Amino acid sequence: MGKIVAIALQKGGVGKTTTCINLAAYLAQLGKKVLIVDFDPQHNASSGVGVEVTDKTPSIYNVMCDQIDPTDAIQLTAVKGLEILPSNENLVGAEIELVRMSGREQILRNCLNRIRDSYDYIFIDCPPTLTLLTVNALTAADTVIIPILCEYFALEGISQLVRAIRLIKKQGLNPNIDIEGVLVTMMTHNALNQQVQAELLKFFGRKVYNAKIPRNVRLAEAPSYGKPICLYDAKCAGAKAYRELAFEFMKRQPE
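Every chain is numbered independently, its residues counted from 1 as its sequence is written. Local features in this predicted model are restricted to residues whose pLDDT is 70 or higher, and side-chain atom pairs enter the listing and the counts only when it is 80 or higher, whereas totals over whole chains, interfaces and linings include all residues. As a convention, hydrogens and water are excluded, and side-chain values are obtained from all of the structure's heavy atoms.

## Thoughts on unusual backbone geometry
Then comes step 1: Phi angles above zero are rare outside glycine, and His 43 is one such case at about 45°.
Then comes step 2: With phi around 50°, Met 186 is a residue other than glycine that occupies positive phi space.
Then comes step 3: Note that Met 186 resides in strand 7 (residues 178-187).
Then comes step 4: The class of Met 186 is partly exposed, set by a relative accessible area of 27%. Labels follow the DSSP assignment, with helices taken as runs of H or I lasting at least four residues and strands as runs of E lasting at least two, numbered in each case from the N terminus. Only protein chains enter the accessibility calculation, which uses a 1.4 Å probe. A residue is then buried if its area is under 20% of the maximum for its type, exposed if over 50%, and partly exposed in between.

## Things to note about the pairing of strand 2 (residues 34-38)
Then comes step 1: The buried fraction of strand 2 is high, at 5 of 5 residues.
Then comes step 2: Here strand 2 shows a buried face lined by Val 34, Ile 36 and Asp 38 and a second buried face lined by Leu 35 and Val 37.
Then comes step 3: As paired strands, strand 2 and strand 4 (residues 82-85) are joined by 4 bridges and run parallel to one another. Among the inter-strand pairings, Val 37 is bridged to a residue of strand 4, identified as Leu 85.
Then comes step 4: A pair of strands is treated as paired once DSSP finds two or more bridges between them. Looking at chain direction, strand 2 and strand 5 (residues 121-125) are connected through 5 bridges and run parallel. Each bridged residue has a counterpart across the sheet, and for Val 37 the counterpart in strand 5 is Ile 124.

In structure tokens, the structure reads:
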């Protein structure tokens with residue numbers, strides 16, 4: 001059975017989509033069968049792997065509304081072993097429709113359970129808000145990766161997400177969900193970075209990844225070309241950092 005990992009933080013610009021795309025791509029290069037679920041109406045994960053979407057593109061929205069089977073929406077990417085279940089702007093309307101559905105927090109989990117045996121890992125790229133979509137992602141996931149900038153406002157966001165995870169466990173929506181890891185992104189070397197990292201280590205301990213993602217121009221450019229960094233510039237600092245993260249991620253998995 002494949003492992004489902006949500007990449008979440010209710011704050012934009014922290015590197016959720018970049019992490020989702022590039023960690024998934026490197027795991028695929030390591031021989032794993034990987035699926036990205038683009039669960040953000042902005043559909044940046046889809047465009048970031050070269051998938052052009054319109055409001056007519058079969059998407060996660062159609063799957064959740066029980067209009068199509070997940071396999072009918074999944075698309076291949078340029079990375080062997082990496083596939084994507086794309087999103088589009090229709091997902092904005094899913095929030096309204098979900099409210100009327102029975103078991104609305106579990107719709108995504110039910111969809112992904114139909115295909116999880118076909119993959120080693122499924123990564124959900126969550127929207128930058130703590131809404132019913134994110135609750136669906138956290139209910140579906142086995143674990144959560146939290147990307148975080150080294151700034152104090154980001155620390156506030158992470159505490160809110162941790163409270164949401166605890167509430168989801170307490171209410172029985174997903175009793176076994178756990179934090180997979182905390183990833184420092186867009187890192188620069190200054191005193192504030194060191195202070196925030198110290199706070200993260202104090203709170204999360206070994207959950208904080210040793211791999212750190214630097215600010216990197218090539219990493220920022222890659223999505224505009226529809227390529228993961230491993231295809232766009234495998235020698236840049238950002239690529240080396242995500243490759244290191246992929247090895248660390250694998251090392252932490254149970255046998």
